[in-house]
Structures are given as C-alpha cells and as structure tokens.
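An overview of the molecular structure
Listed here are the chains, written in short residue letters.
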Amino acid sequence: MKQGHFSEVYINHKSNHTDRAFTYAVTEELADKVCVGSRVMVPFGKSNNLVEGYVVALKNHADIDLRYIKNIHALIEDEYTLSKELIHLARWMQQQYLCRFVDAIQCILPTGSILKKEKVYRLEDNLNLLSVIEKTTERQQAILQLLAQYGSLSESQLQSQVEDALKELSKLLKHKLIRVEELFKKDVNTIREKMIQLSENKSYEEIIKSTPKTAVKQKSILDYLFQKGPTSWTVLREAVGGSLTTLRGLQEKGFIEIYETEKRREPYKDLKVLPSQAYKLTREQEHAMKEITPYLKSQQHQTFLLHGITGSGKTEIYLQLIEALIGMGRDAILLVPEISLTTQMIERFRARFGDQIAVLHSRLSLGERYDEWRRIYNGEVKIAIGARSAIFAPFRNLGMIIIDEEHEHSYKSDYSPKYHAVEVAEVRCRENSALLVLGSATPSVESYNKALVGEYKLIQMINRYNSNPLPTVSVVDMREELQRGNKSIFSEALYQAIKDNLKRKEQTILFLNRRGYSTFISCRKCGFVVKCPQCEIALTYHKNAHHLTCHYCGQAQKPPTSCMQCGSKYIKYFGIGTEKVEKITKDCFPEAVVARLDLDTTSRKGSMEKILKDYAAGKIDLLIGTQMIAKGLDFPNVTLVGIIAADTSLNLPDFRASEKTFQLITQVSGRAGRGERPGRVIVQTYEPKHFAIQHATKSDYKGFYEQEIQLRSAFLYPPFSRLINIIFSGAEEGEVIKASQEFTAILSNSLSLEGIEPFKRIYGPAPAHLSKIKQNFRWQLIIKSKAVDHSRLTGIINNIRLENKIQDIIRRVNISIDINPYSML
DNA sequence: AGCACGCCGACT
DNA sequence: GTCGGCGTGCTC
Ligand SMILES: [Zn+2]
Ligand SMILES: [Zn+2]
C-alpha cells in the first residue's frame, strides 16, 4: 500500500449502513491542518455530493486500494474542531449504547451547529415563461411563477407552497427550465452587533472643535462615546437617539469608527447576586475536603461518593473544591438533576465565581446553547453548570465533574443514545485524569455498593451543617384508619397536624406523586374502564378542564355519561390525584390558603416561579404537589410534610421500586424543618411494615441498603448483574411480536454458540409494561447477564441488530436498546 | 441518508 | 416502444 496522508472519516448520515469509518486522502495543503476531531466536507457516494464528516484517525497508509480513495474536499474552518477526547467519547458511546457514531456526535456538538444541506432553485437563465407554458403542468407553472417572483427559493419553501413539489422539481430540472444550487447551512448563527467608538487618530478636543455648535445630536453622541467608550448601536440609540445617517456622517468626517463584533446571547443575564466568600466549614465538611484535595493535587482519576444527608452542606463542598481546582488552572462541570434547579445553583456559584460560569441545558434556545458552548470551548469560562446534557461540555482541561443527586433517574437519557451521565462522566474523568464527585443523600444501590467494595471512595456526612435536628417522622397505617371508619384521604394524625400547623401560622407541604383528579373512571355494573384509544392505559380525569386525559399521548376527551360498553349510567371515579387532594383540602380547611404545584398548574411560563414566590412570602399556607416539590425547595417556615400515599411506586414490577420509594420519602421529608423550628413528617401508607418505608422514616440509609442489597443479590439484579432492555414497537402488533420472537431466537442461538449462559436470564419477549403508546404496540425483552459477559453480549446484540436477516422482518418495527436501564418498565 | 440502477406496468 | 413507479444495493 502506498504511503501518504490518510484519514478515517465518519459521515454525517443517519443510517446504520454508513455507520463506519471511510478512508479519505488528505491533500498536501490540508495536511498540517487536519487532525483527529476535524470537521470536514467530503465527497460521498456515486454522485460525490458533499457531506459533513468527522476525522477519527490519521494514518500514513491506506488499507484499501487507492483507486477507491477520494480526497477530503475541505476543512470546516469557521467551526470547531472536536478534541481527541470527545472523539474517543463518541466512539465509546457508539460501542456502549449501540448507537451510531453520528448520534453520539449529536449529543456532543451543540444542536444546530451541524451543517445541513439546502437545495436552492432558480429559473434557468434566459427562460421565457410564456414560451414554456404549453409544455408544463399547472403545478410546474406554479413553481416557475414563484421562482420568477422571488428569484430563488429553497426546497422546503417550495414544498410548503406547491403539492408534490419534489417530483415536479425533478421534471423541471430534467427539461432544463430551472437549476439547482446546494448550500450548507447551520440552524444557528452568531449575532453580529454594530459597535461605535471615537476615532483613535483624533483627540476628543480636536473633534469637538470641528463640530458645529448647532449639531446638538452629533455633539451628544460624541460626548456619550467619550465618556462611556466603545458602545453598541442598540445602547447608543437608546441613550442619546440619533439615526444611522448621523452616524455615517460622523464616520465620514473621521470622528468615529464603526465596526462589528460578535454578540453573545446571555441566558440568566438578569439573575443578579451579591458576591459571597467561602463559608467556614464544619468538621465533617472539612474532613470531606481533606479526603478529596490530595487527589486534586496528584491529578489522578478517582471517584468519590459524597453521601451526605439533606442539609449537610454538600454544595459548599462543591464550591470549595471547584475553587481549589480552578486555582490550579483546570475546569469543572457541575450537573444538577433538573433544569429548574440550575437557577439556584447558578446564583450560588455566581456569588462565588462571578462570570466564569456557563450554563447548558435543553431549555435554552438554540442560540443561547450555541453561545454558551462556545464560551466553554474558547476557554472564556471555567465552570459549566447544567442538567444531563452539560456532561458533554467541551472543556480542554477538565479537572472535575460533580454530579449532584447522583441517584436521580433524569441522568439517564430517555432517547437514543440512552446514555447515563454518570457513566459518561466516568469515561471523561478517566481520560482527563479528573475527579468525579457523586453527591447524594440517598445514593443509588449500585453506587453505594461500588463505594463499599472500594471502587469509589466513600465520604459520609451525617449531620446538618446548621445542626438543626432532623424532622421527626411518623408512619400511619391507612388500613387501620379504614377499619376505624375513616375513609378520608387524611388520617386522623395528619388532619390534626395540619390543623395545628395552620393555627401556628406555619406552612405545610402535601405530597402525592400523581396528578389529575381521579386516576381512572369505571362502570359500576360491568367494570369497564375508559382507556385511551391510542394507548393501553386508563385515562385520568381532570376536573378543572373537565376532561379525561391520557398522560402518555396527551389525548383529551369528554368524560362519558354512560358506560361505553353496557350503557349503564353508574360510572364511578376512582383513585386520587393532586387535583382532588387540593379540592378535599380546601373543603376540610376552609381557613387555609391552598395552592397546587404540578404539571397542570405550571404549564405556563413563569407560573411555577409565581407559586413558589408566593409560598416563600408566606401568602400560601398549604402547598400540594407532585415530584416537582420533592427537590430543592428550601422554605424555613415549612414545619409539616404530609405524604398522602407513600406506596404508589412501591408495588410496580421493577427491581428499583423499593429504592425509588425510599428516595422519594427521604427527599420529600427533607423539605420539613429547614429553619429554626423543628419539622414533622407524616407518612401515610397501606404497607407500614415495608422495609423501604420503615428505613425511610428512620432516615436509615444504611439499614435500607443492607436489606435491599440482599434482595438484589438473591434475584440477581444490579449490581449483581447487568441488564439490557430491548423494546420492539410498531403499528402492527403481529409484526412487533414476530420481530421480537425472531430476535430472541437468534439471540438465544448466538448465546449458546458463544457459551454465554442464557439460563433464566432472558425474560420475554412479552408485552411491555405499557403495551401500547400512541397507536404503537410495544413488546419487550430483558436480558440479564454477568458483568464479565456484558461487552461480548452487547457485541452480539449489535450484530443481530444490524444483520440482514432481521432487517427483513423488522422493516416496520422499531428496536430500541437500553443498556443498563434505570428500570425495567 | 441519498442516489443510481434495474425491473415492471401503464401510457403515447 | 418509453416514461416513471419503487424495490435493492452501495457508498472510502
Ligand atoms: Zn358498563
Ligand atoms: Zn394515549
């Protein structure tokens, strides 16, 4: 094989067939510019159309015949080169999560920065519209008319105006009536801003002297610029007025200079904070710092599990660790589990670190995300704060990743690639010799296990930093309440506690993890349950909207007045959601001001902030909410938390059900007694003896862990096995079933060939827990394997997925593979 | 993904 | 005969 410069390039095509590296030659003039991570334009396919590609390796020989090798056409220079580290990360994701390389790249690059092809059409030169009118159809004439009118139009613009535009366009092209041009565009762009400053060649006095006394506007502009220095046109116009003509006049006289700069969009610009200093640490906090800082200095990779109860002061540790880190010239990423929690984190970090912080999460606009990404890339900031996607922040000198509330399921991506931020963090930290700090009051069983076996370093903090006592927790057995004839949603104890709390003018939080009014409605006579026509799930009744709503597809319909099956008029509403809790609470405690915080009351922008603000100001006595109120809320006057039903998630057929329940109770309990006065928590349940509930009420994580790990061990669930969850979905149930069965058959066969023990370790295929969503039937296959077999197993699954044999069967069936799923549902 | 090639049925 | 439908296969 001949020597020379060659590169391995992945093409930006979302197809399994092109998910591999292609060899391209690097020409002399590009040789010293192209590197691993370069974004390039390459010719691809028979047409040699240009496509964006990513260089993943460079080498000086080619493995295939030179005849087949094309040159890299160009380097995308105005864009950003990915670091070698991020390229490696993408390849790791491709292997680990069985996704395409470009899917991983799409996680890593800011959305909208990948070049898209756009076809722009215009009339062929010297075309006489009248002369062709006889040879063309009505639709074709419409296209020609539009092109004549606008000069040029993009394919998408034409498609929206003319039916079957694609077909007609290709005919017009063939007859040489129009021509086409291909452009490459990003969805997102930089904002340019006009800046004005006084000329540097002339003194201010000189300028003023030669300005006529009557030119008041000119004088005030010059005066403003003299005082404030370079100013953007937007600000200047706002401040002193004037027109562009005035400005041009001044420019021509050589008094001012006009130039353009790039303007960065600034999310959270209005969040103003007062600077703060490092707090004095408690002994526990100091101990934690002492454990971690040596590793900071020696620059070796290590993961820490910071297990500290709510209010033990984990955030202050994050702050001081990062302070030490950026003192050494390295950068940090801090993840929070929910976008809504970024605001308070940013406040605390800005107070300490000023503008060295960038924010990354999916609720920023495309432009904001792009600009924040580039501030990180260009080294303008040292810290990135955000939700899951911030894990890909393109720092070049990453020294630490902190993941707060490490156990939260939101760190697992819902869509492909279904990556877990903690897993990605592990890989990034290892490659960067960086520290990974996982913080949690209720660690995931897997993480705690890793800490116990020494893979992570465990750091415990068991006291609150302000040494306020933990809230007292009591459990109420709702079966006993029922026996005593209390059918209300409030147990005697909770009712009394709310009453007392209202009297004392202290605030209360009521928690129920279910929104809506009634969970389902059903016929008394025949038992018929009203289900969503598109999904295999009962509809929830929302009283306010007077609708039955599907929480999976959003479909809403009027509640029926008679049974749809037998016509009976006796329809009963079952189950309680937050809306109903609100109604009952208002009825029971008419003197109280009650508010509700769930998806339904916070759909409008700013409504959540308003409710929380009113609650903080004491305008609300009683706040009812779902998951949303479980995290991050810090209101000192809340002294009572009532958990309406602690067992909603306890009996789901899932290995993580107990863990979730324990975490939720602990988290919600943590909202009580954060101020001076002691807090109280009342947990209502039908299973008061369940160990998750028992240990949660005693704030005994260790006790919970020890019992749970026994179960995980006995039933071979993580951390004692690795799970893979494969969902087959499609509109035709028969095809879905066939695909899942075929897949399973091939898999079992391969497993025995490979000598991987499938004994009792393949579950299904069977209908998924949600067997139909949005008209799509869902079947599921769960594979449990030994950790040592895991990578071989994913390899086998990947082969089956790509095999031609299965392609024929699954043409219309979607296969979604979840490696290390958070749950089995 | 995006394109060319090739094989069929309906049309000048 | 030929135009144009889509199923099939390949891309350094
Ligand atoms: Zn009925
Ligand atoms: Zn539905």
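Residues numbered from 1 in each chain as written. Chains lettered and ligands numbered in written order. Predicted model: local features only at pLDDT ≥ 70, side-chain atom pairs only at ≥ 80, totals over all residues. Heavy atoms only, no water.

1. Considering the protein's contact with DNA strand C
DNA strand C sits among 13 residues. The nearest are His17, Thr23, Phe44, Tyr68 and Lys70. Of what DNA strand C places within 4 Å of the protein, 50% of the atoms are sugar or phosphate. In this structure, a sugar or linking oxygen belonging to DNA strand C sits 2.7 Å away from a main-chain N or O atom of Thr23. For DNA strand C, a sugar or linking oxygen lies 3.5 Å from a polar atom in the backbone of Tyr68. It is strand β2 (residues 21-25) that provides the largest number of residues to the surface near DNA strand C, a total of three residues. (Near = heavy atom within 4 Å. Polar contact = N/O pair within 3.5 Å; in protein donor to acceptor, adjacent residues only side chain to side chain. Helix = DSSP H or I, 4+ residues; strand = E, 2+ residues; numbered from the N terminus.)

2. Quick look at the UniProt feature "domain: Helicase ATP-binding" (unreviewed entry) in chain A
Under the local residue numbering, the UniProt record ascribes the feature "domain: Helicase ATP-binding" (unreviewed entry) to residues 295-461. Summarising residues 295-461: 37% helix, 23% strand, and an end-to-end C-alpha distance of 19 Å. (UniProt positions renumbered as here; feature names shortened; annotations may be inferred.)

3. A closer look at the coordination of the zinc ion (ligand 2)
Around the zinc ion (ligand 2), the protein contributes the donor atoms Cys532 (SG), Cys535 (SG), Cys550 (SG) and Cys553 (SG), which lie 2.2 to 2.3 Å from the metal centre. Coordination at the zinc ion (ligand 2) comes from four donor atoms whose angles at the metal span 104 to 113°, giving a geometry best classed as tetrahedral. A residue is classified by how much of its surface remains accessible, and Cys550, at 2% relative accessible area, is buried. Take Cys553: its relative accessible area is 21%, and that puts it in the partly exposed class. (Donors = N, O, S within 2.8 Å, 3.2 Å for Na, K, Ca; no water. Tetrahedral: all angles 85-135°; square planar, octahedral: opposite > 155°, others 65-115°. Buried < 20%, exposed > 50% of the residue type's maximum accessible area, 1.4 Å probe, protein only.)

4. Some details on the UniProt feature "domain: Helicase C-terminal" (unreviewed entry) in chain A
According to UniProt, the positions carrying the feature "domain: Helicase C-terminal" (unreviewed entry) are residues 558-712. A distance of 44 Å separates the end C-alpha atoms of residues 558-712, which is 34% helix and 15% strand.

5. Quick word on the sheet that holds strand β30 (residues 680-685)
With respect to topology, six strands assemble into an open sheet ordered β20-β30-β29-β21-β28-β27, the strand pairing being parallel. One side of each edge strand has no neighbouring strand; the edge strands of this open sheet are β20 (472-477) and β27 (594-597). Going across the sheet, the axis of each strand differs from the next one's by a mean of 20°, ignoring polarity. Here strand β29 (residues 638-643) runs beside β30; their pairing, made up of four bridges, is parallel. When the sheet's bridge partners are listed, Val641 is paired in β30 with Val681. (Pairing = 2+ DSSP bridges. Axes fitted to C-alpha atoms, helices over the stretch in contact; angles between N-to-C directions.)

6. Brief notes about the protein's contact with DNA strand B
Close to DNA strand B lie His13, Lys14, Ser15, Thr18, Ser47, Asn49, Lys117 and Lys119. For DNA strand B, the fraction of atoms within 4 Å of the protein that belong to sugar or phosphate moieties is 58%. His13 places a polar side-chain atom, nitrogen or oxygen, 2.9 Å from a base nitrogen of DNA strand B. Contacts to DNA strand B include Asn49, whose side-chain N or O atom sits 2.9 Å from a phosphate oxygen. Of the residues assigned to the surface near DNA strand B, the class counts are no nonpolar, five polar and three charged. (Nonpolar A, V, L, I, M, F, W, Y, C, P; charged D, E, K, R; others polar.)

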